[in-house]
Amino acid sequence: MTAVLPVSPVPLAAPVNAESVAIEVVQGDLSAYREGNTGIDYVHRFESGRPGPHVLINALTHGNEICGMVAARHLLDTGVRPLIGTLTVSFAHVEAYAAFDASQPFENRQIVHNLNRVWSDEWLDGPEDSPELRRARAMRPVVAAADHILDIHSTSQDVVPFWVYPAYARNAAVALAIGQPAIHLVMPSGLGSGTPLIQHGRHGQDQSTAGAALVVECGQHFRQSAADLATATALEFLVHFGLIARDGPAPARAPQRRFELLQTLMVKTTEFRFTRPLIGFETFAKDELIGTDGTDEIRAPCDDCTIFMPTRAPIVGREAVYLTRPIRP
């Protein structure tokens, strides 16, 4: 099993831009994985024939978050099969993935809509059309069928990996048990900017019959370390639910740090600016100025306000930044 890399609780590098980004992971051709065995392109399902949970490992919710592609291919190429229950491995947004341009490596995140914000009945049953909505509608039964979901993502900036999940005990229990990444972004009321895949249907409800559904943000999109962590986390997720046996010692456990999402701010104008360069995990005192958006001021709502996912390049109508606070032990 690929070892989980150690995690530091501080940002790792200077801001990443298109001119300086190093692409360490080769963009592979996925055409060999198209047919699958479910009748849905790029979705592969393996049943053990023994009772157990149905676990979904999902990659490429965004086209340029390629670490999940590496993890999904590892599971398929090495013949990982469940000892109990059912394993489904999916490549979600292959159309966006195929639009990759090394000279503009951040531009194929999506084509029209954010595939990770359309998983509500309003969007899926609505009249609008796009490559993302067509793919979400095709994958709707795949997501609905899974008891437990790991959705593998990465970040534009070179910061430490972290979990993202709704604030249900079942999600926290899995993240804490796996232990790496050691940072958790907990959503008490969803993202506030749409419905992500991990909150589709019963997974977005606080009920005892729902399983765990988590995002793992594995680090900067094009880092080999992100691909390694994605693979290791996928394997640990399957170990946790008993679908595969552990191969080697358990990964080292780091001290856990948890943060509560307070606000998701959207870019409203072309005049959006942060007061200083941000890459994530910077902290602000209560009422300290974080940025401006036209005439609006963005100020910290609390002391120790911690920044997650600040936009690298503001685009009107897309997310600007997540404002969080530490969850004290």
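These figures come from a predicted structure and were not determined experimentally.

Time to look at the pattern of salt bridges. Once their charged atoms are close, side chains differing in charge can pair, the charge on each being opposite to the other. Applying the stated criterion to the full structure yields 14 salt bridges. A salt bridge links Asp 121 to Arg 140; its shortest N-O distance comes to 3.0 Å. Here Asp 121 is found in helix 3 (residues 121-124), whereas its partner Arg 140 is found in helix 4 (residues 131-145), with 19 residues between them in sequence. Connected via shared salt-bridge partners are Glu 24, Asp 158 and Arg 223.

With that settled, the discussion passes to the nonpolar core. One finds Leu 30, Ile 57, Phe 91, Ile 152, Phe 237 and Leu 238 to be the most contacted residues of the largest nonpolar core, which totals 51 residues. With 9 residues, helix 6 (residues 224-240) is the single largest residue contributor to this core.

Next up on the list: the environment of Pro 161. Looking at the element boundaries, Pro 161 is found in the loop between strand 4 (148-155) and strand 5 (162-166). As a C-alpha pair, Pro 161 and Val 216 span 55 residues in sequence and 7.4 Å in three-dimensional space.

The subject of this paragraph is the environment of Gly 190. Structurally, Gly 190 can be placed in the loop between strand 6 (183-187) and strand 7 (213-220). Here Gly 190 is in contact with Gln 199 and Leu 261, once residues within four sequence places are set aside.

Within the open sheet, the 3 strands sit side by side as 9-11-12. Their pairing is antiparallel. Only two strands of the sheet have a single partner each, and these edge strands are strand 9 (273-274) and strand 12 (296-299).

The next subject is the packing of aromatic side chains. Under the counting rule described, the total for this entry stands at 10 aromatic pairs. Arranged with centres 6.2 Å apart and planes meeting at 55 degrees, the rings of Phe 100 and Phe 222 form a pair that is tilted. Note that Phe 100 is positioned in the loop between helix 2 (94-97) and helix 3 and Phe 222 in the loop between strand 7 and helix 6, a separation of 122 residues in sequence. Among the aromatic residues, those joined into a ring-pair cluster are Phe 162, Phe 259, Phe 281 and Phe 308. It is Arg 81 that lies over the ring of Phe 46; its NZ or CZ is 3.8 Å from the centre. We note Arg 312 situated over the ring of Phe 106; from NZ or CZ to the ring centre the distance is 3.8 Å.

In this section: the packing of helix 5 (residues 169-178) against helix 6. A pair of packed helices is captured by two measures, namely the crossing angle of their axes and the spacing between those axes. The N-to-C vectors of helix 5 and helix 6 enclose an angle of 115 degrees; their axes lie 10 Å apart at closest approach. The orientation of helix 5 with respect to helix 6, classified from their angle, is roughly perpendicular. Helix 6 is crossed by helix 5, and the crossing has right-handed handedness. Counting all contacts with helix 5, which are made through Val 174, Ala 177 and Ile 178, the residues of helix 6 involved are Glu 236, Phe 237 and His 240. Of the residues in the contact of helix 5 with helix 6, the class split is 4 nonpolar, 1 polar and 1 charged.

Next up on the list: helix 5. Side chains that are three or four residues apart share a direction in an α-helix, a result of its 3.6 residues per turn. Residues Arg 170, Asn 171, Ala 172, Val 174, Ala 175 and Ile 178 constitute the buried set of helix 5. Where helix 5 is buried, its residues touch strand 5, strand 6, strand 7, helix 6 and strand 8 (257-266). One or two steps after helix 5, the chain reaches Gly 179, where phi turns positive at roughly 90 degrees.

Pairing is mixed in the open sheet, where 11 strands are placed in the order 1-3-2-4-7-5-6-8-14-13-10. A single partner strand is all that each edge strand has here, and the edge strands are strand 1 (43-47) and strand 10 (283-284). As paired elements, strand 6 and strand 8 share 4 bridges and run parallel to each other. Each bridged residue has a counterpart across the sheet, and for Val 186 the counterpart in strand 8 is Glu 260. Along the sheet, helix 1 (residues 67-77) contacts strand 1, strand 2 (54-59), strand 3 (86-91), strand 4 and strand 7; its crossing angle with strand 3, the most-contacted strand, is approximately 135 degrees. Of the strands in this sheet, strand 1, strand 2, strand 3 and strand 4 are in contact with helix 4, which crosses strand 2 at around 150 degrees.

For the rest of this paragraph, the subject is unusual backbone geometry. Here Gln 180 and Pro 181 are connected by a cis peptide whose omega angle stands at 0 degrees. By the secondary structure assignment, Pro 181 is in the loop between helix 5 and strand 6. At Tyr 42, a residue that is not glycine, the phi angle is positive and equals roughly 65 degrees. Relative to the elements of secondary structure, Tyr 42 occurs in the segment before strand 1.

Before going further, it helps to spend a moment on the environment of Arg 137. Along the chain, Arg 137 turns up in helix 4. Remark: the alpha-carbon pair of Arg 137 and His 44, spanning 93 residues in sequence, is separated by 17 Å. If we ignore the near neighbours within four places in the chain, the residues touching Arg 137 are Trp 123, Leu 124, Gly 126, Glu 128 and Asp 129. Among the polar contacts listed, one links the side chain of Arg 137 to the backbone oxygen of Gly 126, at a separation of 3.1 Å.

This part is about the pairing of strand 14 (residues 319-327). Examined bridge by bridge, strand 8 and strand 14 share 8 bridges and lie antiparallel to one another. If you follow Glu 260 over to strand 14, its bridge partner there is Arg 325.

Parameters and conventions
Residues numbered from 1 in each chain as written. Predicted model: local features only at pLDDT ≥ 70, side-chain atom pairs only at ≥ 80, totals over all residues. Heavy atoms only, no water. Salt bridge = Lys/Arg side-chain N within 4 Å of Asp/Glu carboxyl O. Helix = DSSP H or I, 4+ residues; strand = E, 2+ residues; numbered from the N terminus. Core = buried A, V, L, I, M, F, W, Y, C linked by side-chain atoms within 4.5 Å. Buried < 20%, exposed > 50% of the residue type's maximum accessible area, 1.4 Å probe, protein only. Contact = heavy atoms within 4.5 Å. Pairing = 2+ DSSP bridges. Phe/Tyr/Trp six-rings, centres within 6.5 Å; stacked < 30°, edge-to-face > 60°. Lys NZ or Arg CZ within 6 Å of the ring centre and 35° of its normal. Axes fitted to C-alpha atoms, helices over the stretch in contact; angles between N-to-C directions. Parallel < 35°, antiparallel > 145°, perpendicular 65-115°, else oblique. Left-handed = near helix turned anticlockwise from the far one by under 90°. Nonpolar A, V, L, I, M, F, W, Y, C, P; charged D, E, K, R; others polar. Polar contact = N/O pair within 3.5 Å; in protein donor to acceptor, adjacent residues only side chain to side chain.

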